[in-house]
Amino acid sequence: AQSVSQHNHHVILSEAASLELGCNYSYGGTVNLFWYVQYPGQHLQLLLKYFSGDPLVKGIKGFEAEFIKSKFSFNLRKPSVQWSDTAEYFCAVRNFGNEKLTFGTGTRLTIIP
Amino acid sequence: KAGVTQTPRYLIKTRGQQVTLSCSPISGHRSVSWYQQTPGQGLQFLFEYFSETQRNKGNFPGRFSGRQFSNSRSEMNVSTLELGDSALYLCASSLARANEQFFGPGTRLTVL
């Protein structure tokens, strides 16, 4: 069965710092990869997705993620964070041919002004 | 375009009761998936419906069931509620299977 690991449970950064959140998955077949964000009091929103093609994908609000197949990883990055990026971030993986999303446990990001 | 809507937003029930939650997908979306979110277990897949048929089911007991109507709206039902069923229940819709899923605000169920 697919499993997803997000090793950083809580990350605290100052504004303008660079961000990288780790995501690793276990199943080595063809996968679709997603990052979702949950701002305080709001519902899950899709930040970006990878289905195929260029392993470096760009999403909304200046976020990007890189799919490294050999490392089973899909890390999320942002060069300069803002206070408004304070939220919980979830990595999700879907095995090809299966609609089920398997989520990581989430990373809580706190940005200090 | 309106997003995924879920009703009710909050629900309080007692042990042993049953509950029905409703989800209206984004207009034109035909696939609906349900997830349970708890602090301890995180986000866990319940089931997925497409064309009124359950296509996939997670590891939940038979007390959890669902259905999808011809207009793609979906309901999930939990019978004989237990304290551990207290959670945020999320519905997600996608245009078709294998597309990205868009989530609703959830129904927060509290079982007393």
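Preceding this paragraph is the structure being described.
Just so you know, these numbers come straight off a predicted model, no measurement behind them.

Asks: Let's hear about the overall build of chain A: which residues, and what values?
Replies: Of regular secondary structure, chain A possesses zero helices and twelve strands. Counting helices and strands in the order they occur from the N terminus, chain A gives β-β-β-β-β-β-β-β-β-β-β-β. Computed over the C-alpha atoms, the radius of gyration of chain A is 13 Å, within 12% of the 13 Å expected from 2.2 N^0.38 for a compact globule of 113 residues. The principal-axis extents of the C-alpha atoms in chain A amount to approximately 40 × 25 × 20 Å. Out of the 113 residues in chain A, the part that is buried amounts to 47%. Taking contacts inside chain A between residues at least 6 apart in sequence as the whole, the part at least 24 apart equals 55%. Total accessible area on chain A stands at roughly 5,400 Å², and carbon and sulfur atoms take up 53% of it. One way to put it: in chain A the 10 positive side-chain charges average out to a point 5 Å from where the 8 negative ones average out.

Asks: Which residues make up the overall build of chain B, and what values do they have?
Replies: Looking only at helices and strands, chain B features zero helices and eleven strands. Reading the secondary structure of chain B in the N-to-C direction produces β-β-β-β-β-β-β-β-β-β-β. Expected size for 112 residues packed as a compact globule is a radius of gyration near 13 Å; at 13 Å, chain B falls within 12% of this value. Referenced to the eigenvectors of the C-alpha coordinate spread, the extents of chain B come out at roughly 35 × 25 × 25 Å. Taken across its 112 residues, chain B has 50% of its residues classed as buried. Of the contacts formed within chain B by residues at least 6 apart in sequence, a portion of 54% connects residues at least 24 apart. Accessible surface for chain B amounts to roughly 5,200 Å². Of this, 48% is attributable to carbon and sulfur atoms. If the 12 positive side-chain charges of chain B are averaged to one point and the 6 negative ones to another, these points end up 3 Å apart.

Asks: Break down the layout of surface pockets for me, citing the residues and quoting the values.
Replies: Approximately 450 Å³ is the volume attributed to the largest pocket. Lining the largest pocket we find 22 residues, and of these Gln38(A), Glu88(A), Gln37(B), Leu88(B) and Arg108(B) sit closest to its centre. Of all the secondary structure elements, the ones that give two or more residues to the lining of the largest pocket are β10 (87–95) of chain A together with β4 (31–38) and β9 (87–94) of chain B. Considering only enclosed or pocket space, the second largest pocket measures out at about 350 Å³ in volume. What lines the second largest pocket is a set of 18 residues, among which Thr102(A), Gln41(B), Leu43(B), Gln44(B) and Phe45(B) lie closest to the centre. Elements represented by at least two residues in the lining of the second largest pocket include exactly β11 (102–103) of chain A together with β5 (42–50) of chain B. Here the residues of the lining of the second largest pocket are counted per class, giving seven nonpolar, ten polar and one charged.

Asks: So what's going on with the packing of aromatic side chains? Which residues, and what values?
Replies: Scanning the model with the defined rule gives 14 aromatic pairs over all chains in all. An angle of 50 degrees between the planes, with centres 5.9 Å apart, marks the rings of Tyr36(A) and Phe103(A) as tilted. Within this pair, whereas Tyr36(A) is found in strand β5 (residues 31–38), its partner Phe103(A) is found in strand β11, the two being separated by 67 residues in sequence. Residue Phe103(A) is classed as buried on the basis of its relative accessible area, which comes to 8%. Each member of the aromatic cluster is reached from another via a ring pair, and the members are Phe34(A), Tyr36(A), Phe51(A), Phe90(A), Phe103(A), Tyr35(B), Phe45(B) and Phe103(B).

Asks: Report on the sheet that holds strand β8 (residues 74–78) of chain B, specifying residues and quantitative values.
Replies: Residues and elements named next belong to chain B. Read across the open sheet, the four strands follow the order β1-β3-β8-β7; overall the sheet is antiparallel. Two strands close off the open sheet at either side, each with one partner strand: β1 (5–7) and β7 (64–68). On average, each strand axis in the sheet is tilted by 20 degrees relative to the strand beside it, whichever way the strands run. The pairing of β1 with strand β3 (residues 19–24) spans three bridges and is antiparallel. By the bridge assignment for β3, Thr7 is matched with Ser22.

Asks: Run through the interface of chain B and chain A, naming residues and quoting values.
Replies: Counting from both sides, the interface comprises 19 residues of chain B and, opposite them, 15 residues of chain A. In this assembly, chain B packs against chain A so that about 1,500 Å² is buried in total across both faces, 55% of it on carbon and sulfur atoms. Among the residues chain B hides against chain A, the three largest losses belong to Leu43(B), Glu100(B) and Phe103(B). Together they make up 36% of the total. Applying the counting rule to chain B against chain A returns one salt bridge. Between Glu100(B) and Lys49(A) there is a salt bridge; the shortest N-O distance is 3.1 Å.

Asks: Can you explain the side chain of Thr102(A)? Please cite residues and give values.
Replies: Residues and elements named next belong to chain A. Looking at the secondary structure, you find Thr102 in strand β11. Thr102 sits in the buried class, given a relative accessible area of 15%. When sequence neighbours within four positions are dropped, the list of residues in contact with Thr102 reads Gln2, Ser3, Val4, Cys91, Ala92 and Val93.

Calculation notes
Residues numbered from 1 in each chain as written. Chains lettered and ligands numbered in written order. Predicted model: local features only at pLDDT ≥ 70, side-chain atom pairs only at ≥ 80, totals over all residues. Heavy atoms only, no water. Helix = DSSP H or I, 4+ residues; strand = E, 2+ residues; numbered from the N terminus. Rg over C-alpha atoms; globule rule 2.2 N^0.38 Å. Buried < 20%, exposed > 50% of the residue type's maximum accessible area, 1.4 Å probe, protein only. Contact = heavy atoms within 4.5 Å. Areas by Shrake-Rupley, 256 points an atom, 1.4 Å probe, with all protein chains shown as cover. Lys, Arg positive; Asp, Glu negative; His and termini not counted. Charge placed at Lys NZ, Arg CZ, Asp CG, Glu CD. 1 Å grid on protein atoms, 1.4 Å probe; cavity = no way out; pocket = protein on both sides within 12 Å on 5 of 7 lines; lining within 4 Å. Points joined across faces, edges and corners; volume = space filled by probe spheres on them. Nonpolar A, V, L, I, M, F, W, Y, C, P; charged D, E, K, R; others polar. Phe/Tyr/Trp six-rings, centres within 6.5 Å; stacked < 30°, edge-to-face > 60°. Pairing = 2+ DSSP bridges. Axes fitted to C-alpha atoms, helices over the stretch in contact; angles between N-to-C directions. Buried area = accessible area lost by both parts, 1.4 Å probe. Salt bridge = Lys/Arg side-chain N within 4 Å of Asp/Glu carboxyl O.

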